[in-house]
Amino acid sequence: METIDLQLLRVLRAVSDAGSITGAATALGYSQPAVSQMLQRAEQRLGHALVLRGARGVTLTESGRVLADHALHVQAALTAAREDLDAVGGLTRGRVRIAGFPSASSTLVPAVLATMAATVPGVSTTYVEVEPPEALGMLRRGEVDVALTFTYVGDEVVADPTLLTRAIGRDPLALVRPGGPAGSDTPAAVDLASLRDARWIGGCPRCRGHLLASCASAGFTPDIVLETDNAAAVVGLVAAGLGVALLPRLALATTVIPAGVTVDPVAEELARRVEVVVASGAERVPSVRATLEAVGSAAALLP
């Protein structure tokens, strides 16, 4: 039986992500001829075609995709073996790279990092703020170890066997509009249809898509006149009487609501689901496992 090495798995994963041998070589720091020769030798040795070369780039064959899907599993297993060995030897070290969405940065993430610092001080942590699609891309490329993401009801979610996704809670949305005392809530959820004639403020592309879908369900197309994914800016625009907006409660948790702005509940089904994602198998890595536990504790901060 021919040996399949980790380097080949990493190359195939890079080709899958980049869509070309040149792009994969650049990402890995190799020359393009070296990657081409490595793939050709692997195809001869394994007796399987791994890539299909075409005018628009390179795609993986079914055999190539099968091997590429194993890259994250194998890397996670190797990391787990190294950290398990260190743990047996009494070492308290490790590294976790975390990615998360903007409204998690000021709420969930500080709690996660504080818990990590208190419970596993030997583990170094880094954090980068990106939207969920970018976070998942970084996770697949092995650039981060843990991703905090969210999905909306109705989002098209493609199953990915290379990733492990855990739901940690729900983040309700709220309607932010001019009028009334700061921070007041009405007992009943506001019907979006009552705002069909309002001027709307849109957010990030996914949030804008959710706004369009939610308003479509209510029977109208919102007149989106302004766009920003900065929650404080949205509230400022609302305070100036320039529009209304849907914002997640996480984003509002650390945003000052000025006088003249009302925050009202909307239907529960508009809430987004907050999730934590790691590479399949990475949950066995002690440092990643500690991070997942810290995320679970921080989930208590969800509204």
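Caption draft 1: Focus on the pattern of salt bridges. On inspection of all chains with the given rule, the structure shows 12 salt bridges. Linking Asp69 and Arg13 is a salt bridge whose minimum nitrogen-to-oxygen distance equals 3.5 Å. Of this pair, Asp69 sits in helix H4 (residues 62–88) while Arg13 sits in helix H1 (residues 6–18), and the two are 56 residues apart along the sequence. Accessibility expressed as a relative area gives 32% for Asp69, which makes it partly exposed. The exposure class assigned to Arg13 is buried, which follows from its relative accessible area of 11%. When the shortest N-O distance is used, the salt bridge between Glu143 and Arg141 registers 2.9 Å. Note on Glu143: relative accessible area 37%, which makes it partly exposed. Relative accessible area serves as the criterion here: at 44%, Arg141 is assigned to the partly exposed category.

Caption draft 2: Seen up close, the packing of helix H2 (residues 21–28) against helix H3 (residues 32–46). The geometry of H2 relative to H3 is characterised by a closest axis approach of 8 Å and an angle of 110° between their N-to-C directions. As summarised for this structure, H2 and H3 are arranged roughly perpendicular, according to the angle between their axes. Facing Ile21, Thr22 and Ala25 of H2, the residues of H3 in contact are Gln32, Val35, Ser36 and Leu39. Classifying every residue of the contact of H2 with H3 by side-chain character gives 4 nonpolar, 3 polar and no charged.

Caption draft 3: Fine view of the nonpolar core. Leu108, Ile168, Leu175, Trp200 and Leu246 are the most contacted members of the largest nonpolar core, which totals 58 residues. Residue contributions to this core peak at 6 residues, all from helix H11 (residues 286–298). Ignoring anything within four residues of it in the chain, the contact list for Ile168 reads Leu108, Val274, Glu275, Val276, Val295, Ala299 and Leu302. With 22 residues, the next largest nonpolar core counts Ala24, Leu39, Val51 and Ala68 among its residues.

Caption draft 4: Representation of the packing of aromatic side chains in the model. Counting across every chain of the model gives 2 aromatic pairs. Ring centres of Phe101 and Phe150 lie 5.0 Å apart, and the angle between their planes is 80°; on these two criteria the pair is classed as edge-to-face. Of the two residues, Phe101 is situated in the loop between strand E3 (94–100) and helix H5 (102–105) and Phe150 in strand E5 (residues 146–152); the sequence distance between them amounts to 49 residues. Phe150 matches Phe101 in its accessibility class, with the two residues each being buried. Between Phe150 and Tyr152 the ring centres are 5.6 Å apart and the planes differ by 75°, which places this aromatic pair in the edge-to-face class. The pair Phe150 / Tyr152 is uniform in exposure class, with both members buried. An aromatic cluster is built from Phe101, Phe150 and Tyr152, whose rings are joined through pairwise contacts. Note that Arg272 overlies the ring of Phe150, its terminal NZ or CZ placed 4.2 Å from the centroid.

Analysis parameters
Residues numbered from 1 in each chain as written. Predicted model: local features only at pLDDT ≥ 70, side-chain atom pairs only at ≥ 80, totals over all residues. Heavy atoms only, no water. Salt bridge = Lys/Arg side-chain N within 4 Å of Asp/Glu carboxyl O. Helix = DSSP H or I, 4+ residues; strand = E, 2+ residues; numbered from the N terminus. Buried < 20%, exposed > 50% of the residue type's maximum accessible area, 1.4 Å probe, protein only. Axes fitted to C-alpha atoms, helices over the stretch in contact; angles between N-to-C directions. Parallel < 35°, antiparallel > 145°, perpendicular 65-115°, else oblique. Contact = heavy atoms within 4.5 Å. Nonpolar A, V, L, I, M, F, W, Y, C, P; charged D, E, K, R; others polar. Core = buried A, V, L, I, M, F, W, Y, C linked by side-chain atoms within 4.5 Å. Phe/Tyr/Trp six-rings, centres within 6.5 Å; stacked < 30°, edge-to-face > 60°. Lys NZ or Arg CZ within 6 Å of the ring centre and 35° of its normal.

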